[in-house]
Each structure stands twice: as C-alpha cells, then as structure tokens.
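# Structural description and commentary
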Amino acid sequence: MASEQKFDCYIACLGAGYVGGPTMAVIAKNCPNIKVTVVDINPVQISKWNSDHLPIYEPGLDEMVKEVRGKNLFFTTDSESAIKEAELIFVSVNTPTKMHGVGAGRAANLKNWELAARFISKVANGPKIVIEKSTLPVRTAHSMRRVLNSNDRGIKFEILSNPEFLAEGTAISDLMQPDRVLIGGESTEEGQKAVNRLKWVYQKWVPEPKIITTNLWSSELSKLVANAFLAQRISSINSISALCETTGADVDEVSRAIGMDSRIGNKFLQSSVGFGGSCFQKDILNLVYLCECFNLPEVAAYWNQVVVMNDWQKKRFSMKIVDKMFNTIAGKKIAMLGFAFKKNTGDTRETAAIYVAQQLLEERAAISIYDPKVEADQIRHDFDEYKALPANTAFDDLITIATDPYEAVKGAHAIAIMTEWDEFKNYDYERMFASMNKPAFFFDGRNIADHAKLQAIGFDVYAIGKPYDSLINMDR
Ligand code: UDX
Ligand code: UDX
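What you are looking at is a predicted structure, and each value in this text was computed from that prediction instead of being measured.

Analysis parameters
- Residues numbered from 1 in each chain as written.
- Chains lettered and ligands numbered in written order.
- Predicted model: local features only at pLDDT ≥ 70, side-chain atom pairs only at ≥ 80, totals over all residues.
- Helix = DSSP H or I, 4+ residues; strand = E, 2+ residues; numbered from the N terminus.
- Rg over C-alpha atoms; globule rule 2.2 N^0.38 Å.
- Buried ≥ 20, exposed ≤ 12 C-beta atoms within 10 Å, placed from the backbone.
- Contact = placed C-beta atoms within 7 Å.
- Near = placed C-beta within 6 Å.
- Domains from an automatic or database assignment.
- Nonpolar A, V, L, I, M, F, W, Y, C, P; charged D, E, K, R; others polar.
- Pairing = 2+ DSSP bridges.
- Right-handed = clockwise from strand over helix to strand, strands pointing away.
- Core = buried A, V, L, I, M, F, W, Y, C linked by C-beta atoms within 7 Å.

## Points about the overall build of the protein
Helices and strands together make up the secondary structure of the protein, namely 18 helices and 14 strands. In summary, the protein has a C-alpha radius of gyration of 24 Å against a globular reference of 23 Å for 476 residues, a match within 12%. Considering only C-alpha atoms, the protein reaches an extent of 80 × 50 × 45 Å along its principal axes. The 476 residues of the protein split such that 46% are buried. When contacts within the protein are restricted to residue pairs at least 6 apart in sequence, long-range pairs at least 24 apart make up 74% of them.

## So, the site of ligand 2
Taken together, 19 residues lie around ligand 2, and Gln270, Ser272, Phe275, Gly277 and Cys279 are the ones closest in. Of all the elements, helix H9 (residues 216-247) adds the most residues to the shell around ligand 2, at 3 residues. Taken domain by domain, the shell around ligand 2 gets at least three of its residues from each of domain 1 (7-206) and domain 2 (216-476).

## Observations regarding the site of ligand 1
Residues in contact with ligand 1 amount to 23 residues; listed here are only the nearest, Gly15, Gly17, Tyr18, Val19 and Asn94. For the shell around ligand 1, the leading source of residues is helix H5 (residues 111-123), giving 3 residues. The class makeup of the residues in the shell around ligand 1 is 8 nonpolar, 12 polar and 3 charged.

## Let's talk about the pairing of strand S10 (residues 366-370)
For S10, a buried count of 5 out of 5 residues is recorded, marking the element as mostly surrounded by other parts of the structure. Burial along S10 is two-sided: Ala366, Ser368 and Tyr370 and Ile367 and Ile369, pointing in opposite directions, are all buried. Direction of pairing for strand S9 (residues 333-337) relative to S10: parallel, over a ladder of 5 bridges. Pairing of leucine 337 across the sheet is with tyrosine 370, part of S10. A crossover connection joins S9 to the parallel S10 through helix H13 (residues 352-362); in handedness this β-α-β unit is right-handed.

## Remarks on the nonpolar core
With 135 residues, the main nonpolar core has Ile11, Ile89, Ile334, Met336, Ile367, Ile415 and Met418 as its most contacted residues. A domain-level breakdown of this core finds at least three residues from each of domain 1 (7-206) and domain 2 (216-476). Ignoring any residue separated from it by four or fewer positions in sequence, one finds isoleucine 367 in contact with Ile334, Met336, Ala357, Leu360, Leu361, Leu398 and Ile399.

The following block contains the structure:
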C-alpha cells in the first residue's frame, strides 16, 4: 500500500450506517487529499453503498457520494486492508441498549465496539489513532485503550472521542456547517498529537473556533448530555401539551411565547406524539444507568422522567384516538400518514408510530400505513422486531401498506398524522374526506395540518395541545 502512497492521509471507518456513511462522505468531499475507506461487516450494506440505491436516504447524500466515490471514498468489506492502510480509524458501529444481563434495558451494549477494538488490535501493522464516533458510556475510552494496547506486538494506539451531533434528515448540512466539532483526547504529548491530527482533518472545512478540544471523559459525557437536553425540551413541551388540552391554552402559542425569550430559544419546542430515533431514548437510559452506577439516584430519576413522559405522550395519543372514536376502534380502519421517526428520513428506529400502532392493534383496529420514504419491508420488519402485533395475529390480517396516500385513506374512519412530512400539509383533504367513513376523524400528532380548514371540510379534529374538544361535534 505504502508504495502507491498518493494521498496525504488514510482514514478507515468501521460501520457504514447512518453516522459512518454520511460523515465519511463529507470528509472525502472536503479533503480530496485524504483517502477514506468505509467498511462494514454486512456485505449487503456495502454493496448498497456501491450502487445507485444507497442504504440510507439523506437530502444531498446521493449527489455527494456519486461525486467522490471511487476517487477518494471507497466502500468495502475488506476491513483488514483498510485498517492496515489507515492512520486514523473511526469506529461508528452501533451500540444498542443491552437486552440481557447487568444493566439490561438501559446500559449500552458494547459488544460491537469491543469486537471492533480487538480486530483493530489484531490486524494493525503499526500505531493508529482510533476514534470513537459511536455514542458510548463515559470512560469507555479507558477500557477500549486497554483492549487495543493489550496486543503482544507492542503497537501503541491513541484513542480519541469525537462524538457525532448530526441529526437525520439534515445530516449533510449538519456535517458541512457544524455548530461545533468536539474532540476529546488525553493530555499526554502523544494524546495531544493525535488530537491535532484529527483537528487538521476538520480544519479543511470547519472554522477553527468551532473545533473544541476537551479531555476524553468530557467529550464522551457531552454527547449524552446534549441528547438528554434536547430530548428534555421535547418532553417538557409535551407535558405542557396535556395541560393545554384541559385548560384551553394552545401549545403552539405557548411555544412561540416562551421561545422568543432568547434565554430559552425557539428550537426543539415543537410538541409532538413523542420523540423517536435511535439516539434520544438510548442515550438518556445510558445516562440514567451511569448515574445509578455512580450512586446518584436523584440525578438518575430526574433524567429518567424525560423518557417516562415520552412514553406517556405516545400512549396518550393512542388513548385519545380510542376515546374520541366512541371508545371502540375494533374493526375500524385508521390511516397512518407517516411512519418514519421524523421527516426527510426513511429511518424508523424508535418511531412513535410503531408504539401508537401497537396500542391501536391491541384494540383490534385495522391500520393502513403510508410513508413517502419508508420501504414496505422495513415496516414489516419493525412490527416483528418491536413485537407490535397482538398475539395470534399476522401482519396481513390487520395492516396494509399503501403506496399512495389517497389509497391509504379510502374507507378509513380516521387519519392519524405520525410524521411531519411537508407533503402532508398540501393533500387534497376534501377528496380524502369524501372517500372516508363518517364521522371522519383527524388526529394530528405533529400539528402540521390546517385544522380550521379540516374542520370546515367536516373532519372531527384532534391535535396535540390544542383546545379543540369543544369544537368536536359528536352529533354528526
Ligand atoms: C451508530 C450508533 O448506534 C450510535 O450510538 C452512534 O452514535 C453512531 O453509530 P448509526 O450509524 O445510526 O449509529 O448505526 P447503524 O446505522 O446501525 O450503523 C452501524 C453499522 O455498523 C451497520 O451497518 C452494521 O452492519 C455495522 N457494524 C456493526 C459493523 O460493521 N461491525 C460490527 O461489529 C457491528
Ligand atoms: C438527534 C440529535 O438532534 C443529534 O444531535 C444527535 O447526533 C442524534 O440524535 P435525530 O434523532 O437524528 O438527532 O433527530 P432530531 O431532529 O433530534 O429528532 C429526534 C426526535 O425528536 C424526532 O422524533 C423528532 O420528530 C422529535 N422532535 C424534535 C420533536 O418531537 N419536537 C421537536 O421540537 C424536535
């Protein structure tokens, strides 16, 4: 490899998922003199990255990958060669919540990370800088350094923490213009050399003041805390949405009023059916577990309540559907518009939609689902994975997947908006209303539709944190 050295630096990334793929594409795009090789244990994932149909949807990603793939961005299953060649190795394999043993349901499962570290240690042919991209519990770097440096060939590894703050749906712009880049490293001379090498990469496109360096533990903890604070804002406003519904206040008006206080700020105050995504719940539970381990039960309980509130909000939405539809939805068709955990992504991990669907199915409703980006296979897979079907029922008994929103809604008793896709704002709801069973209900889990217009059409409308109860005309 060294003989054909034509790049200034060689980077490898283990894990070609939502984080690894876009992050490496952006590095490759901004650093033509760096060769970036992304590897994954799953050959199907790699062949998708090498095809015209990338494994994930992100606005701007297709174009970027097409531009640099084969030039300085490569996707392969040959992790050994990639590691040997690399000076910097990012690890962005998934770290799901542990499902068994100590800390089950809360602690992060570090199996993939440890396997990756052992593999790097085994095949590396010289010193490397190993970078934690995956979100990990605080002090993981310490254990990983021990695993890495326990090789019998005397190879030294430096470990850095460089958490990712990208949000899905805006990954490319978040990576191109990040609020900040955080690099945690050790204060030793070698540690600081490694920090500076990674900083050198980001400096190719990120202004220097936005690159902050800290010790390893601050960096690891900051990632968990950033997600906990963001999620806490959503649970806070969602808790207020329930109060709005009973007092006649309007949650969007409250959000606007408080968000204009510059100390509070207006972001992440959109009340919803509940937050989803692969990170928020996992990271908070991880933080809670950490606090418990360090004997801080009050701190643990404080953050745990953010998750409790989110679960309650999802349940509250499903129960509202049952309640408004005369306490029985058995055999009634409910059209779910949206299944992704947020707009502009096909990702469904921890989506509120699956939990709401599960509760509606418990009541024996029939569900039709339409989402502009989520594949039918993914939806089937999710019902299986989340065990969301009632006992002794099959997917096709209760659920249909539509490729057209008007088809999804035909003959339904209710529409439930689950994801805030922009296209849902502009549908011909008169046409939908005409094709539905009456009374036709509209449950807006994202507060994106024009509710006055829907009411004028004839829908009975319920929206999160809105004082519409008095307007629902039960005589229709
Ligand atoms: C992951 C972590 O879940 C998250 O904690 C962290 O913040 C960023 O990395 P994401 O990229 O969204 O998030 O995960 P995912 O899309 O599941 O991708 C992980 C990839 O790693 C998968 O393609 C998987 O096949 C691969 N993998 C997993 C390996 O290559 N090796 C392994 O040992 C395990
Ligand atoms: C989040 C963090 O934002 C990101 O920095 C981190 O790297 C990974 O976790 P992500 O989960 O991709 O990113 O999306 P995000 O935009 O944060 O949304 C998470 C969930 O919160 C979604 O279900 C979204 O719909 C919901 N949400 C967000 C609200 O309900 N209300 C809001 O005001 C904002």
